[in-house]
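Here is what each chain is made of, one letter per residue.
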Amino acid sequence: MEYSIQIAKWVKQFLDEDDWHYEFNEEKGTFNFNLKLKGKLQSAKYRILVRKYDYSVYVVCPMSAEDCLPQMAEFISRANYGLANGNFELDFRDGEIRYKCFVNCDETVPGKETIKDSIYVPARMFMRYGDGIVAVLFGMKTPEQAVKDCESAS
């Protein structure tokens, strides 16, 4: 896959300056690393995919919603409503839950704050909604109540 070496350089520069520990796949233009979280979700996996004119930051939940897809779909729809930067996604094939931020770099250089937001926002969203995800996965709360509790706590 063809990717922008310049975009990868900007992302790498931010990650290095901000002291993130990552692996970079030069063939694919991907950054991979783990993040420890506070709350019931204790970790998440980052994947930054650099393409020719943009990049996306994906943060993947370590737990699958395979056994409760309808409930998690409702939770994600409710959580996504009103989010300004990125969104949760649910893969109906395997139950993967992830958060995605997309940054268009066509004809522009993303500033340091744009790159920072694209990397920090997904982690903040998992910290904000992680306990609700766990509550829905284990049937402790309805999706509606779980989102309300997450949003009232922050």
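Presented here is an overview of the structure given in this document. Everything quoted here is computed from the prediction, not taken from an experiment.

### A look at the pairing of strand 4 (residues 54-60)
Remember that side chains alternate between the two faces of the sheet whenever the strand is regular. Burial runs high along strand 4: 7 of the 7 residues are buried. Every second residue of strand 4 is oriented toward a common face, with Asp 54, Ser 56, Tyr 58 and Val 60 on one face and Tyr 55, Val 57 and Val 59 on the other, all of them buried. Inspection of the sheet shows strand 4 paired to strand 6 (residues 97-104) by 7 bridges, in the antiparallel sense. Counterpart to Asp 54 in the pairing with strand 6 is Asn 104.

### Digging into the side chain of Asp 91
By the secondary structure assignment, Asp 91 is in the loop between strand 5 (87-90) and strand 6. With near-sequence residues (within four places) excluded, Asp 91 lies in contact with Leu 69 and Glu 96.

### Some remarks on the sheet that holds strand 6
A sheet is described by the order of its strands in space; here 6 strands give the open sequence 1-2-3-4-6-5, paired in antiparallel fashion. Each end of this open sheet is capped by a strand with a single partner; those strands are strand 1 (23-25) and strand 5. The average angle at which neighbouring strand axes cross in this sheet is 25°, direction not considered. Helix-sheet contacts for helix 1 (residues 5-17) involve strand 1, strand 2 (30-36), strand 3 (43-50) and strand 4, and the interaxial angle to strand 2 is about 25°. Taken strand by strand, helix 2 (residues 69-80) contacts strand 5 and strand 6, and its axis lies near 165° from that of strand 5.

### Remarks on the nonpolar core
Counting residues in each nonpolar core, the largest one holds 50 residues, and the members touching the most others are Tyr 55, Met 72, Phe 75, Phe 88, Ile 97 and Ile 133. Ranked by the residues each element gives to this core, the list is headed by helix 3 (residues 112-137), at 11 residues. In contact with Phe 88, other than residues within four places in its own chain, are Ile 76, Ala 79, Asn 80, Leu 83, Ile 97, Arg 98, Tyr 99, Met 125, Phe 126, Tyr 129 and Ile 133.

### What about the layout of surface pockets?
Taken as a whole, the largest pocket encloses approximately 160 Å³ of empty space. Lining of the largest pocket is provided by 13 residues; of these, Arg 128, Asp 131, Gly 132, Asp 149 and Cys 150 occupy positions nearest its centre. Where the lining of the largest pocket is concerned, the elements lending two or more residues are helix 3 and helix 4 (143-153). It is helix 3 that contributes the most residues to the lining of the largest pocket, 5 residues altogether. Of the residues in the lining of the largest pocket, the class split is 6 nonpolar, 2 polar and 5 charged.

### What about helix 4?
When we look at burial in helix 4, the residues that qualify are Pro 143, Ala 146, Val 147 and Cys 150. Buried residues of helix 4, seen end-on, are gathered within an arc of 95° and therefore sit on one face of the element. Tucked into the core, helix 4 has its buried residues touching helix 2 and helix 3.

### Quick word on helix 2
Look at helix 2: 16 Å from first C-alpha to last across 12 residues, which is about the 16 Å you get at 1.5 Å a residue. All buried positions along helix 2 are accounted for by Leu 69, Met 72, Phe 75, Ile 76 and Ala 79. For helix 2, the angular spread of the buried residues around the axis is 125°, confining them to a single face. Along helix 2, the residues that are exposed and aim more than 90 degrees away from the buried face are Pro 70 and Ser 77. Considering only its buried residues, helix 2 is in contact with strand 5, strand 6, helix 3 and helix 4. Positive phi shows up at Gly 82, right after helix 2, with a value of about 95°.

How each quantity is defined
- The numbers attached to residues start from 1 for each chain and follow its sequence in the written order.
- Restriction of local features to residues with pLDDT of at least 70 applies here, the model being predicted, together with a cutoff of 80 or more for giving and counting side-chain atom pairs; totals for whole chains, interfaces and linings are based on all residues.
- Hydrogen atoms and water are omitted, and side-chain values are computed over all heavy atoms in the structure.
- Buried, partly exposed and exposed residues are distinguished by accessible area as a fraction of the type maximum, computed with a 1.4 Å probe on protein chains only: under 20%, between the cut-offs, and over 50%, respectively.
- Counting from the N terminus, the helices are the DSSP runs of H or I reaching at least four residues and the strands are the DSSP runs of E reaching at least two.
- In this analysis, strands are considered paired if DSSP registers two or more bridges between them.
- Contacts are assigned to residue pairs with any non-hydrogen atoms lying within 4.5 Å of each other.
- Under this scheme, a helix contributes an axis fitted over its contacting stretch, all axes are lines through C-alpha atoms, and angles between N-to-C directions fall in the 0 to 180 degree range.
- Working definition of a nonpolar core: buried Ala, Val, Leu, Ile, Met, Phe, Trp, Tyr and Cys residues. They are joined through side-chain atoms within 4.5 Å.
- The method works on a 1 Å grid over the protein atoms by themselves. A cavity is a set of points holding a 1.4 Å probe that cannot get out, a pocket is an open set with protein on both sides within 12 Å along at least five of seven lines, and residues with an atom within 4 Å of a point line them.
- Grid points are joined across faces, edges and corners, and a volume is the space filled by probe spheres set on the points.
- Three classes are used, and their members are as follows: Ala, Val, Leu, Ile, Met, Phe, Trp, Tyr, Cys and Pro are nonpolar, Asp, Glu, Lys and Arg are charged, and the others, Gly among them, are polar.
- An arc is given here, and it is the one of the directions from the helix axis to the C-beta atoms.
- To estimate the expected span of a helix, count its residues, drop one, and scale the result by 1.5 Å.

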